[in-house]
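Here are the chains, one letter per residue:
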Amino acid sequence: MGSEFLSRVVLVTGGASGIGRGIVEAFAAEGARVAFSYLTSEADGVALARKLGALAVKSDLTREHAAAELVAEVKRKLGPVEILVANSGGLIRRASVVDCDLALWNDCLALNVTSAFLSCKAVLPDMLAAKRGVVVTVSSLAAHNGGGFKAVHYGAAKGGLYTFTKGLAREVGPEGIRVNGVAPGLIATRFHDVHTAVESRRASVEQTPLRREGTPADVAGAVIYLASERASFLSGETIEVNGGLGLF
(Lines give C-alpha, C1' and ligand atoms only; values in the text may rest on other atoms or scores of the structure.)
Protein backbone atom coordinates (compact mmCIF):
# COMPACT_ATOMS: atom_id res chain seq x y z
CA MET A 1 0.00 0.00 0.00
CA GLY A 2 1.41 3.39 -0.96
CA SER A 3 1.88 6.26 1.44
CA GLU A 4 -0.97 8.73 1.77
CA PHE A 5 1.64 11.46 1.23
CA LEU A 6 2.64 10.19 -2.21
CA SER A 7 2.89 13.24 -4.52
CA ARG A 8 1.39 15.57 -1.88
CA VAL A 9 3.06 18.99 -1.89
CA VAL A 10 4.76 19.71 1.44
CA LEU A 11 6.57 22.90 2.42
CA VAL A 12 8.90 22.91 5.43
CA THR A 13 10.30 26.27 6.48
CA GLY A 14 13.81 26.22 7.87
CA GLY A 15 14.36 22.75 6.48
CA ALA A 16 18.08 22.66 5.72
CA SER A 17 19.33 21.48 9.11
CA GLY A 18 18.34 20.24 12.54
CA ILE A 19 14.71 19.42 13.23
CA GLY A 20 13.61 20.87 9.90
CA ARG A 21 15.98 18.60 8.01
CA GLY A 22 14.59 15.57 9.84
CA ILE A 23 11.07 16.58 8.83
CA VAL A 24 12.09 17.11 5.19
CA GLU A 25 13.73 13.69 5.10
CA ALA A 26 10.68 12.02 6.66
CA PHE A 27 8.24 13.46 4.12
CA ALA A 28 10.59 12.66 1.24
CA ALA A 29 10.74 9.05 2.45
CA GLU A 30 6.93 9.01 2.33
CA GLY A 31 6.98 9.99 -1.35
CA ALA A 32 5.83 13.58 -0.91
CA ARG A 33 6.86 16.38 -3.24
CA VAL A 34 8.91 18.35 -0.74
CA ALA A 35 10.03 21.95 -0.79
CA PHE A 36 11.88 23.69 2.01
CA SER A 37 13.23 27.11 2.76
CA TYR A 38 16.59 28.03 4.22
CA LEU A 39 18.39 31.27 4.98
CA THR A 40 21.88 30.86 6.45
CA SER A 41 22.46 27.14 5.81
CA GLU A 42 22.85 27.44 2.06
CA ALA A 43 25.44 24.68 1.57
CA ASP A 44 23.39 22.26 3.67
CA GLY A 45 20.22 23.23 1.84
CA VAL A 46 21.64 22.77 -1.64
CA ALA A 47 23.18 19.40 -0.70
CA LEU A 48 19.95 18.15 0.89
CA ALA A 49 17.84 19.22 -2.09
CA ARG A 50 20.20 17.41 -4.45
CA LYS A 51 20.19 14.27 -2.29
CA LEU A 52 16.40 14.05 -1.98
CA GLY A 53 15.28 15.63 -5.24
CA ALA A 54 13.56 18.32 -3.20
CA LEU A 55 13.07 22.00 -3.96
CA ALA A 56 15.19 24.34 -1.83
CA VAL A 57 14.44 28.08 -1.79
CA LYS A 58 16.42 30.74 0.02
CA SER A 59 14.00 32.96 1.92
CA ASP A 60 14.05 35.35 4.86
CA LEU A 61 10.62 34.69 6.29
CA THR A 62 10.79 37.62 8.69
CA ARG A 63 10.27 39.89 5.66
CA GLU A 64 6.68 40.75 4.77
CA HIS A 65 6.67 39.58 1.16
CA ALA A 66 9.18 36.73 1.43
CA ALA A 67 6.67 34.06 2.40
CA ALA A 68 4.33 34.98 -0.45
CA GLU A 69 7.23 34.78 -2.91
CA LEU A 70 8.34 31.42 -1.46
CA VAL A 71 4.87 29.90 -1.70
CA ALA A 72 4.41 31.26 -5.23
CA GLU A 73 7.66 29.60 -6.34
CA VAL A 74 6.66 26.28 -4.76
CA LYS A 75 3.28 26.51 -6.49
CA ARG A 76 4.92 27.20 -9.86
CA LYS A 77 7.31 24.28 -9.62
CA LEU A 78 5.40 21.66 -7.57
CA GLY A 79 1.81 22.81 -7.18
CA PRO A 80 -0.22 24.39 -4.35
CA VAL A 81 1.08 23.68 -0.85
CA GLU A 82 -1.11 21.06 0.81
CA ILE A 83 0.90 20.62 4.01
CA LEU A 84 2.87 23.41 5.68
CA VAL A 85 5.34 22.77 8.48
CA ALA A 86 6.17 26.16 10.01
CA ASN A 87 9.52 25.24 11.51
CA SER A 88 11.63 28.39 11.08
CA GLY A 89 12.87 29.70 14.39
CA GLY A 90 15.76 30.00 16.78
CA LEU A 91 17.17 31.56 19.92
CA ILE A 92 19.58 33.98 18.15
CA ARG A 93 21.56 34.45 21.38
CA ARG A 94 21.07 34.17 25.11
CA ALA A 95 20.45 37.34 27.10
CA SER A 96 18.89 38.22 30.42
CA VAL A 97 15.82 40.45 30.38
CA VAL A 98 17.99 43.34 31.60
CA ASP A 99 20.51 42.78 28.81
CA CYS A 100 17.97 41.95 26.08
CA ASP A 101 17.70 45.05 23.92
CA LEU A 102 14.60 45.80 21.88
CA ALA A 103 16.30 44.73 18.65
CA LEU A 104 16.99 41.21 20.00
CA TRP A 105 13.45 40.97 21.40
CA ASN A 106 11.89 42.00 18.08
CA ASP A 107 14.21 39.80 16.04
CA CYS A 108 13.35 36.75 18.18
CA LEU A 109 9.62 37.36 17.82
CA ALA A 110 10.00 37.88 14.08
CA LEU A 111 12.06 34.72 13.60
CA ASN A 112 9.75 32.47 15.61
CA VAL A 113 6.24 33.96 15.41
CA THR A 114 6.10 36.36 12.49
CA SER A 115 7.69 33.81 10.15
CA ALA A 116 4.94 31.32 11.01
CA PHE A 117 2.21 33.95 10.62
CA LEU A 118 3.49 35.03 7.21
CA SER A 119 3.96 31.43 6.03
CA CYS A 120 0.43 30.48 7.07
CA LYS A 121 -1.01 33.62 5.51
CA ALA A 122 0.69 32.74 2.22
CA VAL A 123 -0.52 29.12 1.98
CA LEU A 124 -4.04 29.61 3.29
CA PRO A 125 -5.70 31.01 0.12
CA ASP A 126 -5.06 27.78 -1.81
CA MET A 127 -6.02 25.63 1.18
CA LEU A 128 -9.24 27.58 1.65
CA ALA A 129 -10.07 27.22 -2.03
CA ALA A 130 -9.48 23.45 -1.83
CA LYS A 131 -11.37 23.12 1.48
CA ARG A 132 -8.52 21.04 2.86
CA GLY A 133 -5.00 21.42 4.16
CA VAL A 134 -2.73 20.82 7.12
CA VAL A 135 -0.52 23.19 9.09
CA VAL A 136 1.95 21.99 11.71
CA THR A 137 3.86 24.54 13.77
CA VAL A 138 7.08 23.84 15.66
CA SER A 139 7.04 25.43 19.10
CA SER A 140 9.17 24.36 22.08
CA LEU A 141 9.11 23.18 25.66
CA ALA A 142 10.16 26.77 26.32
CA ALA A 143 6.57 27.81 25.55
CA HIS A 144 5.52 26.10 28.79
CA ASN A 145 8.46 26.58 31.14
CA GLY A 146 9.45 30.09 30.09
CA GLY A 147 12.71 29.13 28.43
CA GLY A 148 16.09 28.06 29.70
CA PHE A 149 18.98 30.14 31.02
CA LYS A 150 18.76 33.71 29.68
CA ALA A 151 16.11 32.75 27.12
CA VAL A 152 12.95 34.54 28.24
CA HIS A 153 12.68 36.21 24.82
CA TYR A 154 12.75 32.80 23.15
CA GLY A 155 10.21 31.34 25.58
CA ALA A 156 7.87 34.27 25.02
CA ALA A 157 8.15 33.86 21.26
CA LYS A 158 7.44 30.13 21.37
CA GLY A 159 4.56 30.77 23.75
CA GLY A 160 3.11 33.16 21.19
CA LEU A 161 3.44 30.48 18.52
CA TYR A 162 1.68 27.98 20.78
CA THR A 163 -1.29 30.34 21.14
CA PHE A 164 -1.23 31.24 17.44
CA THR A 165 -1.64 27.53 16.65
CA LYS A 166 -4.80 27.31 18.75
CA GLY A 167 -6.26 30.51 17.35
CA LEU A 168 -5.62 29.56 13.74
CA ALA A 169 -7.15 26.13 14.30
CA ARG A 170 -10.37 27.77 15.47
CA GLU A 171 -10.38 30.16 12.54
CA VAL A 172 -9.82 27.76 9.65
CA GLY A 173 -11.18 24.50 11.04
CA PRO A 174 -14.68 25.12 9.61
CA GLU A 175 -13.03 25.31 6.17
CA GLY A 176 -11.54 21.82 6.42
CA ILE A 177 -8.03 22.86 7.47
CA ARG A 178 -6.36 21.30 10.49
CA VAL A 179 -3.73 23.18 12.52
CA ASN A 180 -1.61 21.49 15.16
CA GLY A 181 1.88 21.79 16.56
CA VAL A 182 4.80 19.98 18.09
CA ALA A 183 6.83 21.28 21.02
CA PRO A 184 10.27 19.65 21.13
CA GLY A 185 12.34 19.46 24.28
CA LEU A 186 16.07 18.78 24.22
CA ILE A 187 16.77 17.55 20.68
CA ALA A 188 20.34 16.73 19.60
CA THR A 189 20.90 19.38 16.93
CA ARG A 190 23.31 22.19 16.06
CA PHE A 191 20.98 24.54 17.99
CA HIS A 192 22.09 23.04 21.31
CA ASP A 193 25.67 22.56 20.14
CA VAL A 194 25.78 26.35 19.77
CA HIS A 195 23.53 27.60 22.57
CA THR A 196 23.58 25.01 25.38
CA ALA A 197 26.48 24.04 27.63
CA VAL A 198 27.42 20.37 27.82
CA GLU A 199 26.75 20.34 31.57
CA SER A 200 23.24 21.74 31.06
CA ARG A 201 22.48 19.10 28.44
CA ARG A 202 23.61 16.34 30.79
CA ALA A 203 21.44 17.75 33.57
CA SER A 204 18.42 17.82 31.26
CA VAL A 205 18.98 14.20 30.28
CA GLU A 206 19.15 13.22 33.95
CA GLN A 207 15.78 14.91 34.52
CA THR A 208 14.20 13.31 31.45
CA PRO A 209 12.27 10.10 32.24
CA LEU A 210 13.49 8.45 29.03
CA ARG A 211 17.08 9.43 29.92
CA ARG A 212 18.24 10.60 26.52
CA GLU A 213 18.19 13.55 24.17
CA GLY A 214 15.66 13.42 21.38
CA THR A 215 16.51 13.27 17.69
CA PRO A 216 15.12 15.14 14.69
CA ALA A 217 13.53 11.84 13.63
CA ASP A 218 11.60 11.76 16.92
CA VAL A 219 10.06 15.12 16.12
CA ALA A 220 9.49 14.22 12.48
CA GLY A 221 7.49 11.16 13.51
CA ALA A 222 5.06 13.35 15.45
CA VAL A 223 4.79 15.77 12.51
CA ILE A 224 4.05 12.93 10.08
CA TYR A 225 1.31 11.70 12.41
CA LEU A 226 -0.28 15.15 12.71
CA ALA A 227 -0.22 15.59 8.94
CA SER A 228 -1.79 12.18 8.34
CA GLU A 229 -5.41 11.07 8.23
CA ARG A 230 -4.81 9.21 11.48
CA ALA A 231 -5.03 12.64 13.10
CA SER A 232 -8.09 13.69 11.10
CA PHE A 233 -10.07 14.71 14.22
CA LEU A 234 -7.19 16.47 15.92
CA SER A 235 -6.82 20.24 15.65
CA GLY A 236 -5.55 23.02 17.89
CA GLU A 237 -3.30 20.65 19.82
CA THR A 238 0.45 20.67 20.40
CA ILE A 239 2.26 17.37 21.00
CA GLU A 240 5.09 17.53 23.52
CA VAL A 241 8.12 15.69 22.13
CA ASN A 242 10.45 15.79 25.11
CA GLY A 243 10.88 12.30 26.57
CA GLY A 244 8.63 13.22 29.50
CA LEU A 245 10.73 16.21 30.61
CA GLY A 246 7.64 18.42 30.63
CA LEU A 247 6.07 16.27 33.36
CA PHE A 248 8.13 18.09 35.97
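Above this text is the structure in question.
First, a word on what this report is: a plain description of the structure on this page. Not measured: the values here are computed from a predicted model.

Describing a nonpolar patch on the surface
Then step 1. The grouping of V97, L102, W105 and V152 at the surface amounts to a nonpolar patch, some 390 Å² of accessible area in total.
Then step 2. If you trace the backbone, L102 turns up in helix α4 (residues 102-130).

Topic: the pairing of strand β5 (residues 133-138)
Then step 1. Of all six residues making up β5, six are buried, and the element is well covered by its neighbours.
Then step 2. Of the two faces of β5, both are covered, the one formed by G133, V135 and T137 as well as the one formed by V134, V136 and V138.
Then step 3. As paired elements, strand β4 (residues 83-86) and β5 share four bridges and run parallel to each other. Counted as the bridge partner of A86 is T137 from β5.
Then step 4. Each parallel crossover has a hand, and the one from β4 via α4 to β5 is right-handed.

Concerning α4
Then step 1. For α4, which comprises 29 residues, the first-to-last C-alpha distance of 41 Å matches the rise-based estimate of 42 Å (1.5 Å per residue) to within 8%.
Then step 2. The sharpest bend along α4 reaches about 40 degrees and sits at A110.
Then step 3. Two residues or fewer after α4 comes K131, characterised by a positive phi angle close to 60 degrees.

Re the packing of aromatic side chains
How two aromatic rings sit relative to each other is given by the distance of their centres and the angle of their planes.
Then step 1. Scanning the model with the defined rule gives one aromatic pair in all.
Then step 2. The interplanar angle of 90 degrees and the centroid separation of 5.3 Å between the aromatic rings of F5 and F27 together place this pair among those described as edge-to-face. Taken together, the positions of F5 in the segment before β1 (9-12) and F27 in helix α1 (residues 18-29) put the pair 22 residues apart, joining distant regions of the chain.

A word on the pattern of salt bridges
Then step 1. The final tally for this structure, using the stated rule, is 10 salt bridges.
Then step 2. D126 serves as the salt-bridge partner of K75, at 3.1 Å between the closest nitrogen and oxygen. Of this pair, K75 sits in helix α3 (residues 66-77) while D126 sits in helix α4, and the two are 51 residues apart along the sequence.
Then step 3. E175 is the salt-bridge partner of K131, the closest N and O atoms lying 2.5 Å from each other. Placement of the pair is K131 in the loop between α4 and β5 and E175 in the loop between α6 (152-172) and β6 (177-184), with a sequence separation of 44 residues.

Some points on unusual backbone geometry
Then step 1. Residue S7 is not a glycine yet carries a positive backbone phi of 70 degrees.
Then step 2. Here S7 is to be found in the segment before β1.
Then step 3. Among the residues examined, S7 registers a relative accessible area of 46% and is labelled partly exposed.
Then step 4. One non-glycine residue with positive phi stands out, namely R211, at about 60 degrees.
Then step 5. Residue position: R211 is located in the loop between α8 (198-207) and α9 (216-227).

Quick look at the packing of α3 against α4
Then step 1. α4 packs onto α3 with a crossing angle of 40 degrees between their chain directions and a minimal axis gap of 8 Å. Taken together, the axes of α3 and α4 are oblique relative to one another. Crossing handedness for the pair α3 and α4: right-handed. Seen from α3, the contacting residues are A67, A68, V71 and K75; seen from α4, they are L118, S119, A122, V123 and D126.

The rules behind each value
- Residues numbered from 1 in each chain as written.
- Predicted model: local features only at pLDDT ≥ 70, side-chain atom pairs only at ≥ 80, totals over all residues.
- Heavy atoms only, no water.
- Patch = residues over 30% accessible without salt bridge, like charges linked within 9 Å, V, L, I, M, F, W, Y side chains within 5 Å.
- Areas by Shrake-Rupley, 256 points an atom, 1.4 Å probe, with all protein chains shown as cover.
- Salt bridge = Lys/Arg side-chain N within 4 Å of Asp/Glu carboxyl O.
- Helix = DSSP H or I, 4+ residues; strand = E, 2+ residues; numbered from the N terminus.
- Buried < 20%, exposed > 50% of the residue type's maximum accessible area, 1.4 Å probe, protein only.
- Pairing = 2+ DSSP bridges.
- Right-handed = clockwise from strand over helix to strand, strands pointing away.
- Expected span 1.5 Å × (residues − 1).
- Bend = angle between axes of the 7 residues up to and from the residue.
- Phe/Tyr/Trp six-rings, centres within 6.5 Å; stacked < 30°, edge-to-face > 60°.
- Axes fitted to C-alpha atoms, helices over the stretch in contact; angles between N-to-C directions.
- Parallel < 35°, antiparallel > 145°, perpendicular 65-115°, else oblique.
- Left-handed = near helix turned anticlockwise from the far one by under 90°.
- Contact = heavy atoms within 4.5 Å.

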